[in-house]
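These are the residues of each chain, in order.
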Amino acid sequence: MTPLDFDAEVLTPRMARIIEARDMTAQERFFRLQLPRPLNHRPGQFVMASIPGIGEAPISISCGPRHDEQLELLVRNTGSLTRAMHRLQAGDFMGIRGPFGSGFELAEFEGRETIFVAGGLGLAPLRSLIEPVLSDPQRFGRATIISGCRTPADELYREQMQAWARRPKARVIRLVNDTAHQPWDGEVGLVTAPIAKLEIDTPNTLAVLCGPPVMYKFVIMELAARGLSNAQIFIDLERRMRCGIGKCGHCQINHVTCCREGPVFRFSDLESLPEALT
Amino acid sequence: MRGFLTTRTAVLDWLRTLGQQEDVFFPLPLGENSFSFDKVRQHSRLAFEDFDAAPGEKPFRASSCVQPPGKKLSPNNEQIFRFSKNAHGEYQLTPTLDERPRIIAGLRPCDLKAIHLMDRVHSDDIADAHYLTRRRNTTLIAHDCLQPCDEHCFCDATGSLRWRQGADIFLTPQPEAKLLLEALTERGERRLDDAGFAPCSDIEERRALAEEKRAQPFGRHFDAPLQRVIDTVSDSWESPVWDKHVERCFSCGTCNLVCPTCYCFDVQDDYNIDDPDSGQRSRRWDGCMLEEFAVVAGGHNFRPQLAARQRHRIKRKLAWLPARFGDGSFCVGCGRCGHQCTVDIDIFDIANDLLAATEARP
């Protein structure tokens, strides 16, 4: 037989043991997994996560790059698979394939200021880049994290964000649309609001956005008003991949596949992709 | 490259004999005017058309085989892996790779080109092991076309009519109810060496004989050369043509299902009904014309308008995939989508309308 020049298990996940599972909000459950071997992912990449017999879906990697066997995911309960995942406990198993996608080039952020704008669950994938940037203030410039969600009860990574605010060269702005009569120590408003008042070094700044599609247009308008060009803005897009290897067709945006060329795109590259943000 | 010459009957008998040892797929009659690539049995009715066949006299035509033969390489509900779970909740997963040898015979140049394009797609970047395993164990026996299939055919316009790459054996009709058999690969040579047909030394002359007999013009042709069609479709984003052709579309996805270069899929998990601790994951054909195709978690649809989905389908065939792979049109001109569409929407007409709209633009 001819030797295989392809991975026979390309569509077959490896089973990872859950070593920590807890609800972060009523909708989102946090998982720390022990993989059979290191993933060696880049920030902004995703995995195909599954429960055999139930299904598989793309989930953003929410921890910074690491070379051990651990992986962190934040899963929103939004369908039959993620509902089943919300019942998984430490000791249970989850299937993982990947990592997939282009992700962020860390070198691009060296010596630069970065503005992170996260809407809701968008904070999870951005965390994979925020962590390495904040952990090396010698290498990376000032980081501003603007994170918004609906109400205080929906906020993700609260203690983590409070800890980030104490790091050198870090600014953290936490917002809710509505306090909903809950205790709240952050600001009230949309993620667009703080951008106009930020002190920034425009030519040396990059912005990274992840959130619901409706958020991008307005955030980009605010960033443009501060003088940022489209080449200085990165967007992490959402599509429902079925394979992760550019074959199933579901994540195609015009002539590119989100799973391969994306899900992270430079905004100037999206100008030729009119389907990207609508 | 070796050639052989024998009668059509001898080739059909050979295929029937091979069909007793392995899976041989050949167009078998389904009804009055439809054929299906099914397994050849000892008494299957098999036929090739005559060298002097008049248009429409073919025993089977590419577009009357509703499912393209290439779909045998990525079957619907194809199993990806099996799993079982033990008492400790630990899983065992086994990928399913189909290594059975098989033959697809009687396929036409348009379908052959489509398989070549699918080979490119599935070996691009991260390869699809399931497709490639099946493909490597498949022998392709293609058959030249001297007459267009029917009024839907436009294979010559898309550059597929003279396609031979990918075939292990290529058959060309000859006078006196004979066929020229050419081995184009080592695998084809091995197959033909075992068959015991009479060697043929004048291959080029025999091919020229068939070329003279080929209908001219062959099938439908666009109102411009193929490269102009590709350039025009590539440059057409906002165009009233996209709206015109969806006015009567039901968004049923038949055009996707019958297209030899549609390969999108959805994934489905199942438990075994008699053993809930085991099951399988499989993939089934999906189509970008279906309304739910671009829906993401939470319900947002990135392509809700029918015209946008139609544009997406046409641009994949005539703009985006040609640009990515540099291997010409991904529409091979088989005519199936127009033939099978219940409301006669035809990619050929859409392309011509886009050409006309571009010409008319000041």
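This write-up is about the structure you can find in this document.

The rules behind these values
- Residues numbered from 1 in each chain as written.
- Chains lettered and ligands numbered in written order.
- Predicted model: local features only at pLDDT ≥ 70, side-chain atom pairs only at ≥ 80, totals over all residues.
- Heavy atoms only, no water.
- Contact = heavy atoms within 4.5 Å.
- Salt bridge = Lys/Arg side-chain N within 4 Å of Asp/Glu carboxyl O.
- Polar contact = N/O pair within 3.5 Å; in protein donor to acceptor, adjacent residues only side chain to side chain.
- Helix = DSSP H or I, 4+ residues; strand = E, 2+ residues; numbered from the N terminus.
- Nonpolar A, V, L, I, M, F, W, Y, C, P; charged D, E, K, R; others polar.
- Pairing = 2+ DSSP bridges.
- Axes fitted to C-alpha atoms, helices over the stretch in contact; angles between N-to-C directions.
- Buried < 20%, exposed > 50% of the residue type's maximum accessible area, 1.4 Å probe, protein only.

1. Digging into the interface of chain B and chain A
Stage number 1. In this assembly, 48 residues from chain B lie in contact with 44 residues from chain A.
Stage number 2. Linking chain B with chain A are 6 salt bridges.
Stage number 3. Where E56 of chain A meets R281 of chain B, a salt bridge forms, and the shortest distance between an N and an O atom there is 3.4 Å.
Stage number 4. Here chain B and chain A share 19 residue pairs in polar contact (both at pLDDT 80 or more) between them.
Stage number 5. Listed by contribution, the elements that provide at least two residues to the side of chain B that touches chain A are β4 (78-85), β5 (91-95), α2 (109-123), α3 (129-136), β11 (265-272), β12 (275-285) and α9 (306-325) of chain B.
Stage number 6. The biggest single contributor to the side of chain B that touches chain A is β11 of chain B, with 6 residues.
Stage number 7. Across the side of chain B that touches chain A, the residue classes break down as 25 nonpolar, 8 polar and 15 charged.

2. Description of the sheet that holds strand β6 (residues 102-107) of chain B
Residue and element names in this part refer to chain B.
Stage number 1. Taken together, the 8 strands give an open sheet; going across it, the order is β3-β2-β6-β7-β8-β9-β1-β10, and neighbouring strands pair in mixed fashion. In the strand order of this sheet, the two ends are held by β3 (35-39) and β10 (198-199), each with one partner.
Stage number 2. Pairing analysis gives 6 bridges linking strand β8 (residues 169-174) to strand β9 (residues 178-183), with the strands arranged antiparallel. Across the sheet, residue Q174 finds its bridge partner in β9, namely K178.
Stage number 3. Contacting β1 (3-7), β6, β7 (138-143), β8 and β9, helix α4 (residues 186-195) runs over the sheet at an angle of about 135° to β9.

3. Topic: the pattern of salt bridges
All names here are of chain B.
Stage number 1. Taken as a whole and judged by the stated rule, the model has 52 salt bridges over all chains.
Stage number 2. Close ionic contact of K213 with D52 constitutes a salt bridge, the shortest N to O distance being 2.9 Å. Of the two residues, K213 is situated in helix α5 (residues 203-213) and D52 in the loop between β3 and β4; the sequence distance between them amounts to 161 residues.
Stage number 3. For K213, a relative accessible area of 33% corresponds to the partly exposed category.
Stage number 4. D168 serves as the salt-bridge partner of R187, at 3.4 Å between the closest nitrogen and oxygen. Of this pair, R187 sits in helix α4 while D168 is found in the loop between β7 and β8, placing the two residues 19 residues apart along the sequence.
Stage number 5. Assessed through its relative accessible area of 23%, R187 is described here as partly exposed.

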